[in-house]
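# Report on the structure
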Amino acid sequence: MAFYQKMGEVPHKRHTMFRKEDGSLYREQVMGTKGFSGIQSILYHHHFPTAVKEANYLKDALPEYEKQDALRHRHFRTAAYDKKGDAVVDRCYFLGNEDVLIGVVNPAESMNYFYRNSDGDELFFVHHGTGKIETMFGEITYEPGDYVLIPIGTIYRVFPNDENRWLVIEATSAITTPRRYRNEYGQLMEHSPFCERDINGPESLNTYDEKGEFEVVTKARGSLHRHVFDHHPLDVVGWDGYLYPWKFNIRDFEPITGRIHQPPPVHQTFEGHNFVVCSFVPRLYDYHPESIPAPYFHSNVDSDEVLYYVEGNFMSRKGIEEASITLHPSGIPHGPHPGKIEGSIGKKETLELAVMIDTFRPLKTIEQARDYEDQAYMKSWVTE
Ligand SMILES: [Fe+2]
């Protein structure tokens, strides 16, 4: 994240002696992106972050995609995925490509191991439930509506308080706020629908100075690996910099509205390499006396559009339910269901809440997603 934060104890000057009470040195780790040219943080550990007793290959983690079938609009009722489990291994993926993986998970159990995704940033959208995520940068609590961003390589474990439901977006790149909302210094500008005050990093830093055997599962190069540390991996006494996990609640997104229909980019909240994430939040409708609030039919000539429906009546759709995912692929137009354009005229506001992911390379459907598919969706615009 592009603003400076500091937690715990750090020495006055970087790369200088920083000693414990017993006179031994804390171990300094520079963790950054783009070969020392991207954002970075400097962390101070009790133990060597490299002290790993064992490294094992676990398995290939690349999803199994379905064979290309007829190009069509797809609808997956993800609420039917009701397996409870932990926040990592029990993820059910629906769509993906080389840039992003999209799935859901119902965290209900605390993780008894640690995890890091070293292939890219992870973004969780908390649909239901509360809990906390302990990371090497400190602890983040979460509640419904929170987007939680975990940067590449961050070691973490999740403790749900109750039954949770999350939308999970795993990138193979960094996920940031939209570039057009930031000035040349990185600050979010006045026309941004949210600002730094709405973004919260870790709330507290718990330091575990413990020796023993601690399992860290690492996703890297599309595979899962197991590393056994000889110390507790959350042994950081302090850090500072620009790279850290943070959260932003969708209810803090201030919608941009207009006299006539505003295009989807006004809802943009995040961007990654070859994809964007947008938030559709409750808002006043267009106020031109002859405006049509529902969107027009549109062709995603070069992007795929995924919507995850959170709550409220979605203004342009029929037949979808809470936690539905729809995919409107590039190559064919899409738009409101019959009756929805007429129905929107004269309406003053919408209470819809949804998360949209637009990808600039085609998405593929993961084999298991078909178990949750509404086969009638493609024909749901035909009236007779
Ligand atoms: Fe669309």
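Residues numbered from 1 in each chain as written. Predicted model: local features only at pLDDT ≥ 70, side-chain atom pairs only at ≥ 80, totals over all residues. Heavy atoms only, no water.

### Quick notes on the pattern of salt bridges
Where charged atoms of side chains with opposite charge meet at close range, the side chains can pair. According to the stated counting rule, one finds 24 salt bridges in the structure shown. Its salt-bridge partner being E66, residue R370 comes within 2.7 Å of it at the nearest N-O pair. With R370 in the segment after β29 (364–365) and E66 in the loop between β4 (52–60) and β5 (74–77), this pair connects stretches of sequence that are 304 residues apart. By relative accessible area, which is 34% here, R370 ends up partly exposed. Accessibility expressed as a relative area gives 13% for E66, which makes it buried. Each of the salt bridges in this network shares a partner with another, and the network as a whole consists of E66, D69, R72, R74, E367, R370 and E373. (Salt bridge = Lys/Arg side-chain N within 4 Å of Asp/Glu carboxyl O. Helix = DSSP H or I, 4+ residues; strand = E, 2+ residues; numbered from the N terminus. Buried < 20%, exposed > 50% of the residue type's maximum accessible area, 1.4 Å probe, protein only.)

### Considering the environment of G8
Along the polypeptide, G8 turns up in strand β1 (residues 5–8). G8 sits 63 residues away from L71 along the chain, and the two C-alpha atoms are 53 Å apart. Apart from the residues lying within four places of it in its own chain, the contact partners of G8 are L205, V237 and G238. (Contact = heavy atoms within 4.5 Å.)

### Here's the deal with the coordination of the iron ion
All of the protein donors around the iron ion are H298 (NE2), E305 (OE) and H334 (NE2); their distances to the metal are 1.9 to 2.2 Å. You can call H334 buried: its relative accessible area is 2%. (Donors = N, O, S within 2.8 Å, 3.2 Å for Na, K, Ca; no water.)

### Digging into the packing of aromatic side chains
In this structure the tally under the stated criterion is 20 aromatic pairs. With a centroid separation of 5.8 Å and 85° between ring planes, the pair formed by Y115 and Y156 is classed as edge-to-face. Taken together, the positions of Y115 in strand β8 (residues 114–117) and Y156 in strand β13 (residues 156–160) put the pair 41 residues apart, joining distant regions of the chain. Taken individually, Y115 and Y156 each receive the classification buried, so the pair is uniform in this respect. With a centroid separation of 4.6 Å and 40° between ring planes, the pair formed by F194 and F248 is classed as tilted. You can see F194 sitting in the loop between β14 (165–171) and β15 (199–200) and its partner F248 sitting in strand β19 (residues 246–249), a full 54 residues away along the chain. Side by side, F194 and F248 carry an identical accessibility label, which is buried. Directly above the ring of Y208 sits R157, whose terminal nitrogen or CZ lies 5.8 Å from the centroid. Over the ring of Y181 we find R180, and its NZ or CZ is 4.5 Å from the ring centre. (Phe/Tyr/Trp six-rings, centres within 6.5 Å; stacked < 30°, edge-to-face > 60°. Lys NZ or Arg CZ within 6 Å of the ring centre and 35° of its normal.)

### A short note on the domain arrangement of the protein chain
For the protein chain, the assigned domains read domain 1 (5–66 + 80–249) and domain 2 (254–381). On a C-alpha basis, the centres of domain 1 and domain 2 stand 29 Å from each other. Counting from both sides, the interface comprises 42 residues of domain 1 and, opposite them, 37 residues of domain 2. Overall, the association of domain 1 and domain 2 removes approximately 3500 Å² of surface from exposure, summing both partners, and the carbon and sulfur fraction of that is 62%. Considering only the side of domain 1, the residues that lose the most area to domain 2 are E66, F94 and L95, jointly responsible for 18% of the buried surface there. At the junction of domain 1 with domain 2, the criterion picks out three salt bridges. A salt bridge links K364 to E98, with the nearest nitrogen and oxygen atoms 3.6 Å apart. In this structure, the connection of domain 1 to domain 2 is made through 21 residue pairs in polar contact (both at pLDDT 80 or more). (Domains from an automatic or database assignment. Buried area = accessible area lost by both parts, 1.4 Å probe. Polar contact = N/O pair within 3.5 Å; in protein donor to acceptor, adjacent residues only side chain to side chain.)

### Topic: the layout of surface pockets
Of the pockets and cavities examined, the largest pocket occupies roughly 670 Å³. For the largest pocket, the lining is made up of 29 residues, of which T33, K34, I39, A174 and T176 are closest to its centre. Residue composition of the lining of the largest pocket, by class: 12 nonpolar, 11 polar and six charged. Viewed by domain, the lining of the largest pocket spans two of them, domain 1 (5–66 + 80–249) and domain 2 (254–381), each represented by three or more residues. (1 Å grid on protein atoms, 1.4 Å probe; cavity = no way out; pocket = protein on both sides within 12 Å on 5 of 7 lines; lining within 4 Å. Points joined across faces, edges and corners; volume = space filled by probe spheres on them. Nonpolar A, V, L, I, M, F, W, Y, C, P; charged D, E, K, R; others polar.)

### Comments concerning the pairing of β14
Extensive coverage of β14 is indicated by the burial of seven of its seven residues. Side chains R165, L167, I169 and A171 project from β14 onto one buried face, and the interleaved W166, V168 and E170 project onto a second face that is buried too. Pairing geometry for strand β7 (residues 100–105) and β14, over six bridges, is antiparallel. From the neighbouring strand, V105 faces β14, where its bridge partner is W166. Alignment of strand β9 (residues 122–128) against β14, held across six bridges, turns out to be antiparallel. Directly across from E122, in β14, lies its bridge partner E170. (Pairing = 2+ DSSP bridges.)

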